[in-house]
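# Understanding the architecture of this molecule
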Amino acid sequence: MGHDRRDFLGLGAALIASAALNPNLKGSEHEHTAHDGIKRQLTLVKNPKRVLSPAMVITPKEGKNYHPVVTLNGWSLPYEMKEGVKEFHLIAEPVVREFAPGMVVNCWGYNGTSPGPTIEAVEGDRVRLIVTNKLPEHTTIHWHGLILPNGMDGVGGLTQPQIAPGETYVYEFTLRQSGTFMYHPHADEMVQMAMGAMGMFIIHPKDPKGHRVDRDFCFLLASYDVAPGTYTPNPSTMTEFNVWSFNSRVFPGIDPMVVRKGERVRIRVGNLTMTNHPIHMHGHPFEVTCTDGGWVPKSARWPEVTIDVGVGQMRAIEFVATQEGDWSFHCHKSHHTMGAMGHSIPNMLGVKQDDLTEKISDLMPEYMYMPMGKNGMAEMQDMAEMGMKLPENTLPMMSGKGAFGPIEMGGMFTVVKVRKNQPKDDYSDPGWYEHPEGSVAKKL
Ligand SMILES: [Cu+2]
C-alpha cells in the first residue's frame, strides 16, 4: 500500500520530519528496507544526465523527407543509412532521470534516458533495430502497434528467446503503415516498465504532405512508486503509484508546448502506466486523429476537450491554435496533477487543531508538528515556499509559479503557450502571456 507522502502526514496531519531525520537515508549507497519489507539497494547519483529540450528537433539529412516530431523533454534517435536500410541502435540500460529540479530517479531506459529516444522513420522504410542489453536481467523489445513478421514482435519466450544481459539482438522489418506507436520490453514487463523502460515509435506518412501539421508533439505517460526520501521506484507496486509523469518529468519540470497562433498542432500521447488518464486541454476543442491502430477517418472524428487515454493506448489530438494565451494541458484526475501522495491522510477539513499542536509537541518534542488541512490543502504550497523540510529527493505536493502566483500543481501538468509572434519552428519559451488590457478576471 501507499508508503507515500501522506503517510508522513499520518500523525494528525503533518509529520514532515521523519524521513529527513532518518540517518539511514544519508550517504552514497546503503540498503533500505521499505514498508513492504523488501530490501533494496539505493544509490544516490550526483550528476544526473542533462535533460534535452524540445528545441532539439532532428531533421533528417539522409533518407526520405518528413516533418519531425518534438518529444517533450526528450529526443529522437539518430540513425545510419546502410545500403538502403535505416539502422538504429538501442541500448537497454540503467539510467538516472531528473524528474524535475530537486528529484532524480534511478530508472531503466535506453541510450541514457528514460523514456528512451523516439524512433522516427517513414512508411515504406526498411528498418534495422539493433538492441543491446546492458540491464541486469534479460529483456526484449516489443514494437507496439506495428504490422510486422511474427518473429519480430519481441515477445520473450513466444516469438524469440530472451535477450540475456550482454547480448545483442537484431530486429529488421519494413514499415507498412504510418502513425504513432510505442516500444517497450515484453520480458519481466511489470518490473521493466515500472522502472521506465519505454519509448515512442513514430512512422511518418510516405507522402510528406499527408496528415501534415505545423507542430507535432509527443510524449508517454509513465507512473512510478518512489517512496519519499528514496531514489529507486518500487518495481513490485501494482496500482499504488505516487509519481505521475509526462515522459518521466513532472510539473514544473515539463516543457511547455509552444505554438504560433493559427498553426495546426498535433499532440500524441501514449499511456504505459497501469491506469487511464483523461487528458484535458483548455481553450481549444480538439479531435482525435490517430490511435495506435492508425489514422481516424475524418468522418469518424468529433470535437472533445478531454480524451481518456486507456492503458496501453495512444491518442493523437489535433487542433488549430486560434486562441492566444497560456492554456493548461493536464490529466483530469486531480491526484495525478500533484506530487507524491496517496489516500491515507486523515480528513482534517474543518477540524480545529490549535491545542493539538501543543499536546503533540509535549509528547514528542523531536517532531515538528504542524496542524494542516483545516481550511483545505492549498497551504501545502505556502509551506513548500517557506522551506518546509521535506524528505530528501522529494518534491512538494503542489508547486510551480505562474504570473499571478502559485499554480498548485505537480505531476501530469504543462502549458500550451499560443503566441501571435512566435517564429516558425521556434520552440523556445516565450515567458508568461501578456494579457490585453481588461481581459483578466479581477477583484470586484
Ligand atoms: Cu492521470
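Here goes a summary of the coordinates provided. (Residues numbered from 1 in each chain as written. Predicted model: local features only at pLDDT ≥ 70, side-chain atom pairs only at ≥ 80, totals over all residues. Heavy atoms only, no water.)

Moving on to the sheet that holds strand S26 (residues 413-419). Pairing is mixed in the open sheet, where five strands are placed in the order S15-S26-S23-S17-S21. In this open sheet, the two strands that pair with only one neighbour each are strand S15 (257-260) and strand S21 (306-309). Across the sheet, the mean angle separating the axes of adjacent strands is 20° when strand polarity is ignored. (Pairing = 2+ DSSP bridges. Helix = DSSP H or I, 4+ residues; strand = E, 2+ residues; numbered from the N terminus. Axes fitted to C-alpha atoms, helices over the stretch in contact; angles between N-to-C directions.)

Mapped onto the elements, Ile407 comes out in strand S25 (residues 405-409). Of the residues examined, Ile407 reaches a relative accessible area of 24% and is grouped as partly exposed. For the pair Ile407 and Pro252, spaced 155 residues apart in sequence, the C-alpha separation works out to 9.4 Å. (Buried < 20%, exposed > 50% of the residue type's maximum accessible area, 1.4 Å probe, protein only.)

In this structure, Thr159 sits in the loop between strand S9 (142-144) and strand S10 (168-174). A polar contact of 3.5 Å, which involves the side chain of Thr159, links it to the backbone nitrogen of Gly154. Once residues within four sequence positions are removed from consideration, Thr159 is found in contact with Asn150, Gly151, Asp153 and Gly154. (Polar contact = N/O pair within 3.5 Å; in protein donor to acceptor, adjacent residues only side chain to side chain. Contact = heavy atoms within 4.5 Å.)

Take the coordination of the copper ion next. Only His277 (ND1), Cys331 (SG) and His336 (ND1) from the protein reach the copper ion as donors, at distances of 2.0 Å. If you list the donors of the copper ion from N- to C-terminus, the spacing comes out as H-x53-C-x4-H. Placement of the pair is His277 in strand S17 (residues 277-281) and His336 in the loop between strand S23 (325-331) and helix H4 (354-363), with a sequence separation of 59 residues. (Donors = N, O, S within 2.8 Å, 3.2 Å for Na, K, Ca; no water.)

What follows concerns the pattern of salt bridges. Inspection of the entire model under this criterion finds 16 salt bridges. Salt-bridge contacts for Arg264 lead to Glu318; the nearest nitrogen and oxygen are separated by 2.7 Å. In this pair, Arg264 sits in strand S16 (residues 264-271) while Glu318 sits in strand S22 (residues 314-320), placing the two residues 54 residues apart along the sequence. Connected through salt bridges with shared partners, the residues Lys82, Glu87, Arg126, Arg128 and Glu172 form a single ionic network. (Salt bridge = Lys/Arg side-chain N within 4 Å of Asp/Glu carboxyl O.)

Attention now moves to unusual backbone geometry. Omega for the peptide link from Ser114 to Pro115 comes to 0°, which places this bond in the cis form. Inspection of the secondary structure assignment puts Pro115 in the loop between strand S6 (103-110) and strand S7 (119-122). Put simply, Phe251 and Pro252 share a cis peptide bond, and its omega is 10°. Inspection of the secondary structure assignment puts Pro252 in the loop between strand S14 (243-246) and S15. Positive phi is not limited to glycine here, since Asp188 has a value of about 40°. Tracing the backbone shows Asp188 in the loop between strand S11 (179-184) and helix H3 (189-194). Unusually for a residue other than glycine, Glu408 sits at a positive phi of about 60°.

Let us now look at the sheet that holds S9. Spatial ordering of the open sheet is given by S7-S12-S11-S9, a layout of four strands whose pairing is mixed. A strand with exactly one partner marks an edge of an open sheet, and here the two such strands are S7 and S9. Adjacent strand axes in the sheet meet at a mean angle of 25° when their direction is disregarded. As paired strands, S9 and S11 are joined by three bridges and run antiparallel to one another.

This paragraph deals with the packing of aromatic side chains. On inspection of all chains with the given rule, the structure shows 13 aromatic pairs. With a centroid separation of 6.2 Å and an interplanar angle of 80°, the aromatic rings of Phe219 and Phe329 are classed as edge-to-face. Within this pair, whereas Phe219 is found in strand S13 (residues 215-224), its partner Phe329 is found in strand S23, the two being separated by 110 residues in sequence. In terms of burial, Phe219 and Phe329 fall into one category: buried. An aromatic cluster is defined as three or more aromatic residues linked by ring pairs; in this entry it consists of Tyr110, Trp143, Tyr171, Phe173, Tyr183 and Phe201. Above the plane of the ring of Tyr79 lies Lys86, whose end atom (NZ or CZ) is 4.8 Å from the centre. The residue whose ring lies beneath Lys417 is Trp432, and the NZ or CZ to ring-centre distance is 4.4 Å. (Phe/Tyr/Trp six-rings, centres within 6.5 Å; stacked < 30°, edge-to-face > 60°. Lys NZ or Arg CZ within 6 Å of the ring centre and 35° of its normal.)

So, on to the layout of surface pockets. When its volume is computed, the largest pocket comes out at roughly 260 Å³. Around the largest pocket, the lining is made up of 13 residues, and of these Gly402, Ala403, Phe404, Ile407 and Trp432 lie nearest the centre. When contributions to the lining of the largest pocket are tallied by element, the ones reaching two or more residues are S23, S25 and S26. It is S25 that provides the largest number of residues to the lining of the largest pocket, a total of three residues. Of the residues assigned to the lining of the largest pocket, the class counts are eight nonpolar, four polar and one charged. (1 Å grid on protein atoms, 1.4 Å probe; cavity = no way out; pocket = protein on both sides within 12 Å on 5 of 7 lines; lining within 4 Å. Points joined across faces, edges and corners; volume = space filled by probe spheres on them. Nonpolar A, V, L, I, M, F, W, Y, C, P; charged D, E, K, R; others polar.)

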